[in-house]
Amino acid sequence: MDFQTDFARARDLAQQRKFDKALALFEMLSKLAPGASATLLPHANALLECGRPEAALKRLEHTADDHPHLSKIWFLRARCHERTGNAVAGEICLHNALTLQPDHVNAHILLTQFYARRDDAEAMRRAISAFRETGLHNARMTVFQARLLEHDGDFETALKYYLELHDASTSPTPVNGVLDGIARAHIALGRMAELRAFHDAMPDTGPQRGTILQVVQYYPQSDIAEGFPLSFFRDRHLADPGDHTAFLAYADQLRMIPDIPALKQAERAFVRAAGYTIDRLAERIAAVAPPEHDLFRLSPSVLEFWRQCRQPGQNLEDWASAAARNQRAKTEIAKSLLPQDASVEAVCRELDKICHPPDMTPIDRALAQRRGCLVVGTHVCAFWTTLCYMDQRYDAHRTLGGFALHRVTAADREMFLRYDPARTMRRAVDMLKDNMLISCAPDGVQPGDPRHVYPSAFGPIALQTVHARLQYAAGAPALWLENTWHEGRLTSVFRPMPTPEPDEARDAFVDRWCRAYIDHLVDLMKHRLPVLYDRFVRQPPRGRPMLI
């Protein structure tokens, strides 16, 4: 076959999204005719779609300034930079594409997404205004404009835009972000009966109702009871106690009330129905194989995170596979520690098969000071395993948490931070002064929690500051806890955290403590624990939506 025939065949395969087969042909054609401009764009696009953005960028780097599709070349470069996590270079490429072709709709969309991801409202305003000047209309750009209106507090106009988009949609699945926006705007305007009617009008099958409820479940009953009373969430859970989504929605509502006995009962029902058990945990961990990860499905912010923390010689595929395996293993451990009917000895016997027994010497030294000890972990690693060993070794161990997950005994050793916070705080201070051991994880932030955002090498990270204030009030030492995998086994490491200096003001200590925590967290994720970290999955404060 000749060049034109092979080129037409490769192009047809790409249009059918059979990019792996198309790429093989484009590779052959590029060798036969290295300077052919016709193959440049589709070849680079096939490389990108096959998860090779850096190779695509290399293919495009010698594009002539008089290329007939130069604006498309700049846009494809921007997409490649997005897939490598280089947002700055991506924005530059998009500006170049729009200079050559002001009506390039996808370039406008991607540029606005870049601004939204960094929560830059003013830049989004400028991008949307530039798009409107072209006279074009696009549903995704309208969603961004509605998000800005929410950001500015104009929920009435935002709801109007969202409903117009929903009514105009002919697809069973509306444009991404429309149903979420409809739910948020109705809640902000206090129109819960209308939102409930809108929810009930959605099909019983399909994702629409679930999308709405994923927004509603994070609001307290004081905001949503008119349309979604607690009985609504309870009935969904009881209809299928093993349904993970229905359980989490009901549990979120119970935590905010709070109704701790009902939460414990719901957890037990869920664990029984889902079949979670500590038995054969080691076998299940061993069966967790590095998945065949679709790199093209990684979120841009995860890719940007990888670009910031990758080590010399490390490639994206290896890092993503290790991070995905770590995530799956952590999930298996979390599910195995949910049951509350196993003894701590039985739990630790099973953990011995996957963990190096932690060296508790740092804790012993801290407790020898007779001022108690605060152990602070992070949710990016499976720190719960170490808490089980701490339960086994120390009778006077308590966990300061937000709810009852990851408990391994029937004893009430968990203090619920969201259940009468002032009383819990006083109780925890007294316990530390009685030389007790308390564990916690300050990065466990839920919507509505008091929080402070601290800068880091990976962008802003929200923390709870109550743990630092607790340590300051009690004058206790604190230890950072991390868990990482070494040769198939979890290893626990303790490192010292700051302690209050004489005459140091509380706010100054809290700031220093939280920055030290962030430093430990960044160092862990950058050097020792591959993790698919996406700060945008964190829920924003209630009532103020993030721009994306």
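Residues numbered from 1 in each chain as written. Predicted model: local features only at pLDDT ≥ 70, side-chain atom pairs only at ≥ 80, totals over all residues. Heavy atoms only, no water.

1. Description of helix α2 (residues 19-32)
No. 1: Between its terminal C-alpha atoms α2 stretches 20 Å, which fits the 20 Å expected from 14 residues at 1.5 Å a residue.
No. 2: Every buried residue of α2 is listed here: F19, A22, L23, L25, F26, L29 and S30. The arc that holds the buried residues of α2, viewed along the axis, is 165°, so those residues lie on one side. Turned more than 90 degrees off the buried face of α2, the exposed positions are D20, K21, A24, K31 and L32. (Helix = DSSP H or I, 4+ residues; strand = E, 2+ residues; numbered from the N terminus. Expected span 1.5 Å × (residues − 1). Buried < 20%, exposed > 50% of the residue type's maximum accessible area, 1.4 Å probe, protein only. Arc of directions from axis to C-beta.)

2. Quick word on the nonpolar core
No. 1: Grouped together as the largest cluster of nonpolar side chains are 83 residues, with contacts concentrated most on I333, I363 and W513.
No. 2: With 10 residues, helix α26 (residues 506-527) is the largest single contributor of residues to this core.
No. 3: Here I333 is in contact with L281, I285, I354, A382, W384, T385, W485 and L490, once residues within four sequence places are set aside.
No. 4: Formed by 38 residues, the second largest nonpolar core is a distinct cluster that contains L165, I187, F232 and A249. (Core = buried A, V, L, I, M, F, W, Y, C linked by side-chain atoms within 4.5 Å. Contact = heavy atoms within 4.5 Å.)

3. Some words on the pattern of salt bridges
No. 1: As enumerated under the stated definition, the model contains 22 salt bridges in all.
No. 2: Notably, a salt bridge pairs D120 with R118, separated by 3.4 Å at the nearest N-O pair.
No. 3: With a relative accessible area of 23%, D120 lands in the partly exposed category.
No. 4: For R118, a relative accessible area of 42% translates into the label partly exposed.
No. 5: What emerges from the salt-bridge pattern is a single network uniting E482, R495, D523 and R528. (Salt bridge = Lys/Arg side-chain N within 4 Å of Asp/Glu carboxyl O.)

4. Observations regarding the packing of helix α16 (residues 244-256) against helix α17 (residues 260-274)
No. 1: Look at α16 against α17: their axes get within 9 Å of each other, and the N-to-C directions meet at 170°. Taken together, α16 and α17 sit at an angle that is classed as roughly antiparallel. Note on packing geometry: the crossing formed by α16 with α17 is left-handed. In contact with H244, F247, Y250, A251, L254 and R255 of α16, α17 contributes A262, L263, A266, E267 and F270.
No. 2: Looking at the contact of α16 with α17 residue by residue, the class counts come to 8 nonpolar, 1 polar and 2 charged. (Axes fitted to C-alpha atoms, helices over the stretch in contact; angles between N-to-C directions. Parallel < 35°, antiparallel > 145°, perpendicular 65-115°, else oblique. Left-handed = near helix turned anticlockwise from the far one by under 90°. Nonpolar A, V, L, I, M, F, W, Y, C, P; charged D, E, K, R; others polar.)

5. Topic: the environment of I128
No. 1: Mapped onto the elements, I128 comes out in helix α8 (residues 121-133).
No. 2: Using a relative accessible area of 5% as the deciding quantity, one classes I128 as buried.
No. 3: I128 sits 13 residues away from M141 along the chain, and the two C-alpha atoms are 7.0 Å apart.
No. 4: Leave out the neighbours within four places in its chain, and I128 touches T112, M141, F144, Q145 and L148.

6. Remarks on the side chain of T491
No. 1: Inspection of the secondary structure assignment puts T491 in strand β8 (residues 489-496).
No. 2: On the basis of relative accessibility, which here comes to 18%, the residue T491 falls in the buried class.
No. 3: Not counting chain neighbours up to four residues away, the residues in contact with T491 comprise H356, E482, N483, T484 and H486.

7. What about the environment of D352?
No. 1: For D352, the position within the fold is in the loop between α21 (344-351) and α22 (361-367).
No. 2: Considered as a pair, D352 and Y389 are 37 residues apart in the sequence and their alpha carbons are 9.6 Å apart.
No. 3: The residues contacting D352, other than those within four sequence positions of it, are Y389 and R489.

8. Some remarks on the pairing of strand β4 (residues 437-440)
No. 1: Here β4 shows a buried face lined by L437 and S439 and a second buried face lined by I438 and C440.
No. 2: Bridging between strand β1 (residues 373-376) and β4 involves 4 bridges; their strand directions are parallel. Looking at the pairing, C373 lines up with L437 of β4.
No. 3: Bridge analysis of strand β2 (residues 397-401) against β4 gives 3 bridges, and the strand direction is parallel. By the bridge assignment, R398 is partnered in β4 with I438. (Pairing = 2+ DSSP bridges.)

9. Points about the packing of helix α9 (residues 139-151) against helix α10 (residues 155-168)
No. 1: One way to put it is that α9 packs onto α10 with a least axis distance of 8 Å and a crossing angle of 160°. For the element pair α9 / α10, the angle class is roughly antiparallel. Between α9 and α10 lies a crossing whose hand is left-handed. Contacts between α9 and α10 involve A139, T142, V143, Q145, A146, R147, L149 and E150 from the former and F155, T157, A158, Y161, Y162 and L165 from the latter.

10. A short note on the side chain of H81
No. 1: Residue position: H81 is located in helix α5 (residues 70-83).
No. 2: If we skip the residues at most four places from it in the chain, H81 touches L57, N86, A89, G90 and C93.

11. So, the packing of aromatic side chains
One pair of aromatic rings is described through two measures. These are the centre distance and the angle between the planes.
No. 1: The final tally for this structure, using the stated rule, is 8 aromatic pairs.
No. 2: With 5.5 Å between their ring centres and 40° between their planes, F383 and W384 make a pair best called tilted. Accessibility assignment for this pair places F383 and W384 in one class, buried.
No. 3: Grouped by ring-pair contacts, the aromatic residues F228, F232 and F233 constitute a single cluster. (Phe/Tyr/Trp six-rings, centres within 6.5 Å; stacked < 30°, edge-to-face > 60°.)

12. A look at the state of the cysteines
No. 1: In this structure the tally under the stated criterion is 0 disulfides.
No. 2: In this structure C388 is not part of a disulfide, and its nearest cysteine sulfur, from C348, lies 5.8 Å away. (Disulfide = S-S within 2.5 Å.)

13. Some words on the confidence of the model for the protein chain
No. 1: The pLDDT averaged across the protein chain works out to 85; a share of 88% of its residues lies at or above 70.
No. 2: Mean pLDDT across the elements of the protein chain ranges from a minimum in strand β3 (residues 414-416), with 62, to a maximum in α22, with 97.
No. 3: Predicted confidence is poor over residues 404-413, with pLDDT under 50, and the contacts of this stretch with residues over four places away or in other chains come to 42 contacts.
No. 4: Contacts of residues 536-548 to residues separated by more than four positions or lying in other chains number 38 contacts, the stretch itself having pLDDT below 50. (pLDDT = per-residue confidence, 0-100.)

14. Observations regarding empty space enclosed by the protein
No. 1: Using the criterion set out here, one finds 4 cavities of 30 Å³ or more in the structure.
No. 2: The computed volume of the largest cavity comes to approximately 110 Å³.
No. 3: What lines the largest cavity is a set of 13 residues, among which N326, K330, V380, C381 and L529 lie closest to the centre.
No. 4: Secondary-structure elements contributing two or more residues to the lining of the largest cavity are α20 (316-336) and β7 (478-486).
No. 5: The element contributing the most residues to the lining of the largest cavity is α20, with 4 residues.
No. 6: When its residues are assigned to classes, the lining of the largest cavity shows 9 nonpolar, 3 polar and 1 charged. (1 Å grid on protein atoms, 1.4 Å probe; cavity = no way out; pocket = protein on both sides within 12 Å on 5 of 7 lines; lining within 4 Å. Points joined across faces, edges and corners; volume = space filled by probe spheres on them.)

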